[in-house]
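Next come the chains, spelled out residue by residue.
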Amino acid sequence: MRRAVCPGSFDPVTNGHLDIIVRASKLFDEVVVAVGINKNKNTLFTVDERMDLIRQAVRDHPAGATNVAVEPSHGLLVDFCRSHGIQSIVKGLRAVSDFDYELQMAQMNTRLAGVETLFMSTNPQYAFLSSSLVKEVAKYGGDVSGLVPDVVLKQLRERL
Ligand code: PNS
């Protein structure tokens, strides 16, 4: 069984993330979305909320993806991969500015556990998008519809 992980903080999941998750689900038997628990990071949504939002967004996605699981992850990503029988990490690349750090992490993960990282080009529609930018725009009343799944839009409006 070919299994890949899409890791991230997903605070909250955006349409850019969702696009990568759904596209990856067409290439692998199973995609596990690993939602990072980082105690040093202040998040708007709890890990359970972030996982629920991803599950609902995947369920509501028109392309339909029944082979996507969502799980919490703490510690090293390679340990998550080992314990879940995952051979590949899938990451979206938005721009060259993402590349340096992503390459560093990819090489470290290969060095640590022989896990491969595959980069997918982000849909240009979402190339400028990030969770932090979405939160900032939403906080000041800007319109982020079309940039995040509807369930996330609703939660952002309630919370901010
Ligand atoms: O959405 P983010 O915050 O950019 O995601 C970053 C994430 C969670 C994918 C990355 O920080 C990660 O893989 N963290 C797990 C800890 C780990 O394995 N660190 C070493 C990376 S080589």
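Presented here is a report on the structure given in the accompanying data block. Each chain carries its own residue numbering, running from 1 in the written order of its sequence. For a predicted model such as this one, the threshold for reporting local features is a pLDDT of at least 70, and the threshold for listing and counting side-chain atom pairs is 80 or more; totals across whole chains, interfaces and linings nevertheless cover every residue. Only heavy atoms go into the side-chain values, all of them from the structure, while hydrogens and water stay out.

**Section: the sheet that holds strand E4 (residues 88-93)**
The strands that make up a sheet pair up through hydrogen bonds in the backbone, lying either parallel or antiparallel.
Thought 1: Across the sheet, five strands lie side by side as E3-E2-E1-E4-E5; this open sheet has parallel pairing. The sheet terminates laterally at strand E3 (68-73) and strand E5 (116-121), the two strands that pair on one side only. Averaged over neighbouring strand pairs, the angle between their axes works out to 30° when direction is ignored.
Thought 2: At least two DSSP bridges between two strands are needed for those strands to be called paired. Per the convention used, a helix needs a DSSP run of H or I reaching at least four residues, while a strand needs a run of E reaching at least two, with both numbered from the N terminus. For E4 and E5, the ladder comprises six bridges, and the chain directions are parallel. Following the sheet pairing, Ile 89 is matched in E5 by Thr 117.
Thought 3: Contact between two residues is taken to exist if any of their heavy atoms lie within 4.5 Å; hydrogens are not considered. Angles here are taken between N-to-C directions and fall from 0 to 180 degrees, while the axes themselves are lines fitted to C-alpha atoms, restricted in helices to the stretch in contact. Its contacts with the sheet place helix H4 (residues 96-113) against E4 and E5, and it is angled at close to 175° to E4.

**What to know about a nonpolar patch on the surface**
Thought 1: Residues enter a patch when their relative accessible area is above 30% and they make no salt bridge; the linking distance is 9 Å between like charges and 5 Å between nonpolar side chains (Val, Leu, Ile, Met, Phe, Trp, Tyr). Here, Shrake-Rupley sampling with a 1.4 Å probe gives the accessible areas, and only protein chains in the shown set may cover a residue. Salt bridge criterion: a side-chain nitrogen from Lys or Arg within 4 Å of a carboxyl oxygen from Asp or Glu. A cluster of nonpolar side chains, contributed by Leu 76, Met 108 and Leu 112, occupies part of the molecular surface with about 280 Å² of accessible area.
Thought 2: The class for Leu 76 is partly exposed, based on a relative accessible area of 48%. Only protein chains enter the accessibility calculation, which uses a 1.4 Å probe. A residue is then buried if its area is under 20% of the maximum for its type, exposed if over 50%, and partly exposed in between.

**What about the site of the ligand?**
Thought 1: We define proximity as follows: a residue is near a molecule or strand when any one of its heavy atoms falls within 4 Å of that partner. Around the ligand, the structure places Pro 7, Gly 8, Ser 9, Lys 41, Gly 75, Leu 76, Leu 77, Lys 91, Met 105, Met 108 and Asn 109.
Thought 2: Polar contact criterion, stated in full: a pair of N or O atoms within 3.5 Å, where within protein one must be able to donate a hydrogen and the other to accept it, and residues adjacent in sequence count only if both atoms are side-chain atoms. Between an oxygen atom of the ligand and a side-chain N or O atom of Lys 41, the distance comes to 2.8 Å.
Thought 3: For the ligand, the protein covers 65% of the area, taking 550 Å² as the surface of the free molecule.
Thought 4: Elements that contribute at least two residues to the shell around the ligand include exactly strand E1 (3-8) and H4.
Thought 5: Per element, the largest residue contribution to the shell around the ligand is three residues, and it comes from H4.
Thought 6: Classes in brief: Ala, Val, Leu, Ile, Met, Phe, Trp, Tyr, Cys and Pro nonpolar; Asp, Glu, Lys and Arg charged; the others, Gly included, polar. Here the residues of the shell around the ligand sort into five nonpolar, four polar and two charged.

**Some details on the state of the cysteines**
Thought 1: Any pair of cysteine sulfurs within 2.5 Å is marked as a disulfide. Applying the stated criterion across every chain, the model contains zero disulfides.
Thought 2: Residue Cys 81 stays outside any disulfide, its sulfur separated by 11 Å from that of Cys 6, the closest cysteine.

**A closer look at helix H3 (residues 77-84)**
Thought 1: Leu 77, Val 78, Phe 80 and Cys 81 are the residues of H3 that are buried. On an axial view of H3, the arc spanned by its buried residues comes to 155°, and they lie on one face. Turned more than 90 degrees from where H3 packs its buried face, Arg 82 and Ser 83 sit exposed.
Thought 2: Structurally, H3 contributes buried residues whose contacts are with E1, strand E2 (30-36), E3, E4 and H4.
Thought 3: Phi turns positive, to about 60°, at Gly 85, one or two residues after H3. The directions considered for the arc run from the helix axis to the C-beta atoms.

**Structural notes on the pattern of salt bridges**
Thought 1: Going through the model one piece at a time under the given rule, you end up with nine salt bridges.
Thought 2: A salt bridge links Arg 23 to Asp 19, with the nearest nitrogen and oxygen atoms 2.8 Å apart. Residue Arg 23 and its partner Asp 19 are located together in helix H1 (residues 15-25), separated by four residues, close to a single helical turn.
Thought 3: When its relative accessible area of 15% is taken as the criterion, Asp 19 is described as buried.
Thought 4: Residue Asp 79 is joined to Arg 82 by a salt bridge in which the shortest nitrogen-to-oxygen separation is 2.9 Å. One end of the pair, Asp 79, and the other, Arg 82, are both in helix H3, three residues apart, so they sit about a helical turn from each other.
Thought 5: By relative accessible area, which is 37% here, Asp 79 ends up partly exposed.
Thought 6: By relative accessible area, which is 56% here, Arg 82 ends up exposed.

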